[in-house]
Amino acid sequence: MTKTASDSGLPALLAEIYACRICRDAPAGGPENALPHEPRPVCVASASAPVLIAGQAPGTRVHQSGRPFTDPSGDRLRDWLGVDDAQFYDPSKFAIVPMGFCFPGQDAKGGDLPPRRECAPAWRAQVMARMPQLRLVLAIGQYAQAWHLGPARGKTLTETVANWRRIFEDTSSGTAVLPLPHPSWRNSGWLRRNPWFEEELLPVLRTRVAELISDR
């Protein structure tokens, strides 16, 4: 029998996640490292979706909307996947679980800070345990790749993504993983320097995603 969200305990876990304030109230490194704004966890876990989008952390627009990838990065990601908004936000097709659930703030140059250190240790193993149906994990960025690939991760993001075929074809864990760069427009230069990504990886990605979500 296929597990549903209700019998997996996922709704109760998500309620705990949405109420989480650990990065503000008990931050790693002490009170001086507390999140400086009200946390707003963003997580779309699903006990039926075949595809997991494992990103980094919400940005400013997602923090405001409370909905993942409601920004230009999301537009590019949906193009990479070959899906429209309705498909992307359908939890029977995609789970969207970043490494950090809350917007971490920005650095002095206006870039987003890394995912908060408290989040993944507190929640990620629990969330993943409740999604045994996953067939494909899209590990976006170095933080997701470190967690989902472990020693199979390369020394750099480019090295990891360049080895995508070997990683993707290794299904020994039961779930395929495909490493991707972040779809931020800040990475447009990376995409120009690495044309193989769009020429070789994206067609495989779109074909596999279409196969997995076609009957849902």
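So, a few notes on the structure that sits alongside this text. All values derive from a computational prediction rather than experimental measurement. (Residues numbered from 1 in each chain as written. Predicted model: local features only at pLDDT ≥ 70, side-chain atom pairs only at ≥ 80, totals over all residues. Heavy atoms only, no water.)

**What to know about the overall build of the protein chain**
Counting secondary structure elements, the protein chain contains 11 helices and 4 strands. In summary, the protein chain has a C-alpha radius of gyration of 17 Å against a globular reference of 17 Å for 216 residues, a match within 12%. With the C-alpha coordinates of the protein chain rotated into their principal frame, the extents come out at 45 × 45 × 35 Å. Going through the 216 residues of the protein chain one by one, you find that 49% of them count as buried. Considering only contacts within the protein chain whose residues lie at least 6 apart along the sequence, 71% involve residues at least 24 apart. Counting every atom, the protein chain has about 10,600 Å² of accessible surface; 51% of that belongs to carbon and sulfur. (Helix = DSSP H or I, 4+ residues; strand = E, 2+ residues; numbered from the N terminus. Rg over C-alpha atoms; globule rule 2.2 N^0.38 Å. Buried < 20%, exposed > 50% of the residue type's maximum accessible area, 1.4 Å probe, protein only. Contact = heavy atoms within 4.5 Å. Areas by Shrake-Rupley, 256 points an atom, 1.4 Å probe, with all protein chains shown as cover.)

**With respect to the packing of aromatic side chains**
A full pass over the atoms with the stated rule returns 7 aromatic pairs. Aromatic pair phenylalanine 88 and phenylalanine 94: ring centres 5.9 Å apart, planes at 40°, arrangement tilted. Phenylalanine 94 shares its class with phenylalanine 88; the two are buried. An angle of 75° between the planes, with centres 5.8 Å apart, marks the rings of tryptophan 190 and tryptophan 196 as edge-to-face. Each member of the aromatic cluster is reached from another via a ring pair, and the members are Phe69, Phe88, Tyr89 and Phe94. Seen from the ring of tyrosine 89, arginine 67 lies directly overhead, with NZ or CZ sitting 3.7 Å from the centre. The ring of tryptophan 147 carries the charged tip of arginine 124 above its face, separated from the ring centre by 5.5 Å. (Phe/Tyr/Trp six-rings, centres within 6.5 Å; stacked < 30°, edge-to-face > 60°. Lys NZ or Arg CZ within 6 Å of the ring centre and 35° of its normal.)

**With respect to helix H6 (residues 119-129)**
If you check which residues of H6 are buried, you get Cys119, Ala120, Trp123, Arg124, Val127 and Met128. Each buried residue of H6 lies within a common arc of 125° when the element is viewed along its axis, so the set occupies one face. Facing away from the buried side of H6, by more than 90 degrees, are the exposed residues Pro121, Ala125 and Ala129. (Arc of directions from axis to C-beta.)

**Describing the packing of helix H4 (residues 72-81) against helix H11 (residues 196-213)**
Relative to each other, H4 and H11 sit at 75°, their axes nearing to 7 Å. In terms of axis orientation, H4 runs roughly perpendicular to H11. Where H4 abuts H11, its residues Asp79, Trp80 and Leu81 lie against Phe197, Leu202, Leu205, Arg206 and Val209. (Axes fitted to C-alpha atoms, helices over the stretch in contact; angles between N-to-C directions. Parallel < 35°, antiparallel > 145°, perpendicular 65-115°, else oblique.)

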